[in-house]
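Summary of the model geometry
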Amino acid sequence: MLYDWIKAGHVISLIAWMAGMLYLPRLFVYHASLPPGSEAQSATFKVMERRLLKAIMNPAMIATWVFGLTLAGMSGFYASVWLQAKFVLVLAMSGIHGWLARIVKDFAADRNTRGHKFYRVLNEVPTLLMIGIVILAIVKPGL
């Protein structure tokens with residue numbers, strides 16, 4: 001029964017993390033699209049980006065990792081190829097998370113050098129990683 005509760009916590013934290021991973025780059029799209037001299041709107045985006053990262057994404061990522069590693073240890077799947085592949089994709093997702101955190105700092109310091117089109121493409125990366133992670137977790141292919 002404990003395993004099921006931990007799995008539920010893993011799924012809940014993953015949903016929260018992915019919501020942020022999909023929304024933050026979208027905020028970047030809008031932020032990068034602001035015309036020069038839009039200080040008030042830019043300040044609003046800076047607050048939204050910082051709060052999303054600090055209050056939702058960071059805790060959700062940590063919880064996802066804690067629950068996931070606990071599940072791997074409890075289930076004995078840690079030696080399975082599908083879980084090792086999933087682990088690599090989750091590491092990549094965590095790397096993207098770190099990169100997004102860096103971009104939040106760049107916007108906060110008015111150092112953004114990229115346009116909205118870059119962030120539109122970046123917005124798709126977490127989606128592609130998520131598809132791979134979900135397929136590995138549900139289908140558990142033998143690879």
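Cut-offs used in this document
- Along each chain, the written sequence defines residue order, and numbers are assigned to residues from 1.
- Reporting in this predicted model follows two pLDDT cut-offs: at least 70 for local features of residues, and 80 or more for side-chain atom pairs to be given and counted; totals over whole chains, interfaces and linings ignore these cut-offs and use all residues.
- Side-chain measures were taken over the full set of non-hydrogen atoms in the model, leaving aside hydrogen atoms and water.
- UniProt positions are given in the numbering used here, feature names are shortened, and annotations may be inferred rather than shown by experiment.
- In this analysis, a patch consists of residues with relative accessible area above 30% that form no salt bridge, clustered at 9 Å for like charges and at 5 Å for the nonpolar side chains Val, Leu, Ile, Met, Phe, Trp and Tyr.
- Note on areas: Shrake-Rupley with a 1.4 Å probe; residue coverage comes only from the protein chains shown.
- Here, a salt bridge means any Lys or Arg side-chain nitrogen found within 4 Å of an Asp or Glu carboxyl oxygen.
- Only protein chains enter the accessibility calculation, which uses a 1.4 Å probe; a residue is then buried when its area is under 20% of its type maximum, exposed when over 50%, and partly exposed in between.
- The numbering of helices and of strands both runs from the N terminus, where a helix is a DSSP run of H or I of at least 4 residues and a strand a run of E of at least 2.
- Residue count minus one, scaled by 1.5 Å, sets the expected span of a helix.
- Given a residue, its bend is the angle between the two axes fitted to the seven residues that end at it and to the seven that start from it.
- Residue contacts are counted whenever heavy atoms from the two residues lie within 4.5 Å of one another.
- Identification of polar contacts relies on pairs of N or O atoms within 3.5 Å, with a donor-acceptor requirement for protein atoms, meaning one able to donate a hydrogen and the other able to accept it, and with residues adjacent in sequence counted only if both atoms are side-chain atoms.
- Buried residues of nine kinds, namely Ala, Val, Leu, Ile, Met, Phe, Trp, Tyr and Cys, make up a nonpolar core once their side-chain atoms join them within 4.5 Å.
- Counted charges follow a simple rule, with Lys and Arg positive, Asp and Glu negative, and His plus the chain ends left uncounted.
- Each charge is placed at NZ for Lys, CZ for Arg, CG for Asp and CD for Glu.

- For the chain, the name recorded in an unreviewed UniProt entry is Protoporphyrinogen IX oxidase, with Methylobacterium tardum as its organism.
- The Sequence similarities (unreviewed entry) comment attached to the chain in UniProt states, word for word, "Belongs to the HemJ family."
- Listed under Function (unreviewed entry) in UniProt, the entry text for the chain is "Catalyzes the oxidation of protoporphyrinogen IX to protoporphyrin IX."

A short note on a nonpolar patch on the surface
- A surface patch of nonpolar side chains, about 590 Å² in accessible area, is lined by Leu128, Ile131, Val134, Ile135, Ile138 and Val139.
- When its relative accessible area of 45% is taken as the criterion, Ile135 is described as partly exposed.

Regarding helix 2 (residues 39-75)
- With 37 residues, helix 2 ought to run about 54 Å at 1.5 Å a step, and its terminal C-alpha atoms sit 51 Å apart, in line with that.
- Leu53 marks the point of greatest bend in helix 2, at about 35°.
- A positive backbone phi angle near 80° is found at Gly76, which sits one or two residues after helix 2.

Here's the deal with the environment of Lys140
- Residue placement: Lys140 occurs in the segment after helix 5 (125-139).
- Between the alpha carbons of Lys140 and Val88 there is a distance of 14 Å; along the sequence they are 52 residues apart.
- Once residues within four sequence positions are removed from consideration, Lys140 is found in contact with Phe77, Trp82 and Ile135.
- In terms of polar contacts, Lys140 uses its side chain to reach the backbone carbonyl oxygen of Ala137, at 2.7 Å.

Considerations on the pattern of salt bridges
- Within this structure, the stated rule accounts for three salt bridges.
- Put simply, Asp106 and Arg102 hold a salt bridge, and the shortest N to O gap is 3.2 Å. Pair noted here: Asp106 and Arg102 are both in helix 3 (residues 81-108), with a separation of four residues, about one helical turn.
- Here Asp106 falls in the buried class, since its relative accessible area comes to 16%.

Quick word on the nonpolar core
- Counting residues in hydrophobic clusters, the biggest one holds 27 residues, and the most contacted among them are Trp17, Met21, Leu24, Phe28 and Leu100.
- Those elements that provide at least two residues to this core are helix 1 (2-32), helix 2, helix 3, helix 4 (116-122) and helix 5.
- No other element matches helix 3, which puts eight residues into this core.
- Filtering out sequence-adjacent residues up to four positions away, Trp17 remains in contact with Met57, Ala60, Met61, Thr64, Trp65, Val90, Met93, Ser94 and His97.

Description of unusual backbone geometry
- The phi dihedral of Asp110 falls on the positive side, at around 55°, and the residue is not glycine.
- Here the phi dihedral of Lys140 falls at roughly 50°; this positive angle occurs in a residue that is not glycine.

Describing a positive patch on the surface
- Positive charge collects at one region of the surface, where Arg50, Arg51, Lys54 and Lys105 lie side by side.
- A total of three residues in the positive patch trace back to one element, the largest contributor, which is helix 2.
- For Lys54, the position within the fold is in helix 2.

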